[in-house]
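Summary of structural features
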Amino acid sequence: MSPPDERRAPDALLLAQLHARGRWPPPDGPRVAIVGSRRPSPYGEAAAEQLSADLAGAGVVVISGLALGIDAAAHRGAISGDGITVAVMGTGVDMVYPAAHTRLAEDILAAGGALVSQFAAGTPPRRQNFPARNWTMAALSDAVVVVEAGEGSGALITAGAALELHKEVMAVPGSIFSPLSVGSHALLREGAGLVQNARDILAVLGLGGEVLDDPLGAPERLGFALHPERDGIVIHLSDTLAVSAAELARKLQLPVAEVIGRLTALELDGAVRRHQSGYVRALRRGKERA
Amino acid sequence: MGAHADSLEHDLVEVHGQEEARRALEVAAAGGHHVLMTGPPGAGKTMLARCLPGIMPGLELAEALEVAQVRSLLGELPAGRPLDWVRPFRAPHHGVSMAGLIGGGAGLALPGEISRAHHGVLFLDELAEFQASVLQALRQPLESGRVAITRSGGSVVYPARFTLVAATNPCPCGWAGDGQRNCRCTPAVIDAYLRKLSGPLLDRIDLKVTVRRVPLGELASEPRGEGSALVRERVRAARQRQVERQGFLNAQLKPARLRQLASLEPASRRTLERWAEQKGLTARGFHRAWRVARTAADLDGSEQIAEAHILESLGYRLHDVAA
């Protein structure tokens, strides 16, 4: 647990104490942490990316931990929403962990965001440092949103810290069959705010509803609506479970060569995404889509 | 020519489900393309690979003679039955030495597994477990269909025109992406594992498919597919078209000939170019997808390469997606 003085630290003091690269402190405005599993489902990844993009577009600074999975999706989403995002690191700000996120770290800086850390330059990744980092993330944020967290995940530490610091805690629901949503559902049962779209988060922060004016318009904005000219086989795909071309061919009684081709056409249009074990429906509109 | 006995030892009719992999094998057999299958243990990768020789037409006389020559050099020609019409199938263990796979040994260099697989199939199971240097040595024969081995006593060239079928688990524990079992590998470990596979060898494999495990309970209800004999007839017709058009299989088409013999309809070209741009395809990758589309069109009995053929060929480019 973090020392009490740090826990109650005034915002300005905390901001000044952190080592930083990039624009720091960030521009004024609400700050929301989006955290979750390092190995999310396609659904969790899409949810984190979509929420971050919408929040960033509404002027919220999106905070996350630069880890694999949900963290990376949150940073990417904020950048794609032309917003500011801050990575709170468990290492010194002069090293990127994991190394695979070197490019992402550069993109965060290029988009006007920052990499910050409470640890001195040169601090390598140490297991015991990450819970303290999670406290800092909560301290920096007005609200913490958990997207997919299994039991005992680091995201739950961040949520716990947020509760102790009297910050808002919110969670994105998932499938009742998914072990990745056990943690999020436990938070919801204990009273965390339900997140179905960015507006839910903005409302808790007392901010306007101009991001998604029409609640009924949300599904279309989230990409659920079917493009009229788009190949209808897309409705046979799930947004959480990968379906293989073979399964689809069997279900639709079509030659597998044709199904592979039609899925590839949908992939080119950004309507489906390919994962290792098959295809899922893409929730976010791909950049190349009209 | 009595190429195939009535019943094959490994027949596709025994394979339940796995439509994607079956189709990839058909395209491989038709155009001489190499295949990579990714899937968890027990998904049937070995069974699928063993079915490949049976969906290729039997050896021609000239081919059978070359196969016999390699066997003769090794002193392995069966007495009384020198000519074998069935295509070779070789499956060396991942511990195989350089000499064992490529050829070599003391004194006169002897043909290795790749030459024993000449005009047939070389199956490399657990691809990530092979020594990197051994896999590296496959590049030249994969391009040229021959292998040159230089020893102190001189150098020899052996034929090695084989279809490569490689198989791998999706991660070290084998269960990444499986619906029934949880993968225990960390993302970093999976990354390192896939990196081992990537690079020049993977770049030369045209067809990449995912193979999923069929749960035991569903095995009985999974439909059986066509038998090997039916598939072989389509493969034979597609090969015939290629031989009449250009004298050899599509996998060996050089880019210049490809432009000549595999003209793309405007929509097909646009689609291929869109993919190349989105996924950052290299020129090599671009031509590989084009060759596979040529084969898909040949299986369709079509001289023109339609957009559907290009789209199918792009569907086998699994690793563009990971990038």
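Please refer to the structure placed before this passage.
Reading the values: the criteria
Residues numbered from 1 in each chain as written. Chains lettered and ligands numbered in written order. Predicted model: local features only at pLDDT ≥ 70, side-chain atom pairs only at ≥ 80, totals over all residues. Heavy atoms only, no water. Helix = DSSP H or I, 4+ residues; strand = E, 2+ residues; numbered from the N terminus. Buried < 20%, exposed > 50% of the residue type's maximum accessible area, 1.4 Å probe, protein only. Expected span 1.5 Å × (residues − 1). Pairing = 2+ DSSP bridges. Salt bridge = Lys/Arg side-chain N within 4 Å of Asp/Glu carboxyl O.

1. Quick word on unusual backbone geometry
The residue after Trp 24 of chain A, namely Pro 25 of chain A, is reached through a cis peptide bond having omega -5°. Of note, Pro 25 of chain A is situated in the loop between β1 (19-22) and β2 (31-36). Cis rather than trans, the peptide bond between Tyr 97 of chain A and Pro 98 of chain A has omega equal to -5°. Relative to the helices and strands, Pro 98 of chain A resides in the loop between β4 (85-89) and α5 (102-110). Within the chain, Gln 18 of chain B stands out as a residue other than glycine whose phi angle is a positive 55°. You can see Gln 18 of chain B is positioned in the segment before α1 (19-31). Taking the relative accessible area as the measure of exposure, Gln 18 of chain B reaches 8% and is therefore buried. A positive phi angle is found at Glu 126 of chain B, which is not glycine, with a value near 55°. Within the secondary structure, Glu 126 of chain B sits in the loop between β5 (121-124) and α6 (132-136).

2. Overview of helix α14 (residues 283-299) of chain B
Residues and elements named next belong to chain B. Taking 1.5 Å of rise per residue, 17 residues should cover 24 Å, and α14 covers 25 Å from first to last C-alpha, within 8% of that figure. Among the 17 residues in α14, 15 count as buried, and that is most of the element. Phi for Gly 301, located one or two positions after α14, is positive at around 70°.

3. Observations concerning the pairing of strand β1 (residues 35-38) of chain B
Residue and element names in this part refer to chain B. Here β1 shows a buried face lined by Val 35 and Met 37 and a second buried face lined by Leu 36 and Thr 38. Strand direction decides the pairing type here: β1 and strand β8 (residues 163-168), joined by four bridges, are parallel. Its bridge partner lying in β8, Leu 36 is registered against Ala 166. With four bridges joining them, β1 and strand β9 (residues 207-210) adopt parallel strand pairing. Directly across from Thr 38, in β9, lies its bridge partner Thr 210.

4. Some words on the pattern of salt bridges
Residue and element names in this part refer to chain B. Scanning the model with the defined rule gives 28 salt bridges over all chains in all. Here Arg 234 ties to Glu 26 by a salt bridge, and the two come within 2.7 Å at their closest N and O atoms. Taken together, the residues Arg 234 in helix α11 (residues 228-246) and Glu 26 in helix α1 connect sequence positions 208 residues apart. Taking the relative accessible area as the measure of exposure, Arg 234 reaches 30% and is therefore partly exposed. Taking relative accessible area as the criterion, Glu 26 reaches 5% and is therefore assigned buried. Note that Arg 294 and Glu 303 form a salt bridge whose closest N and O atoms lie 3.7 Å from each other. Given the relative accessible area of 43%, Glu 303 is considered partly exposed. Ionic contacts of the salt-bridge type, sharing partners, join the residues Glu 143, Asp 203, Arg 204, Asp 206, Arg 284 and Arg 288 into one network.

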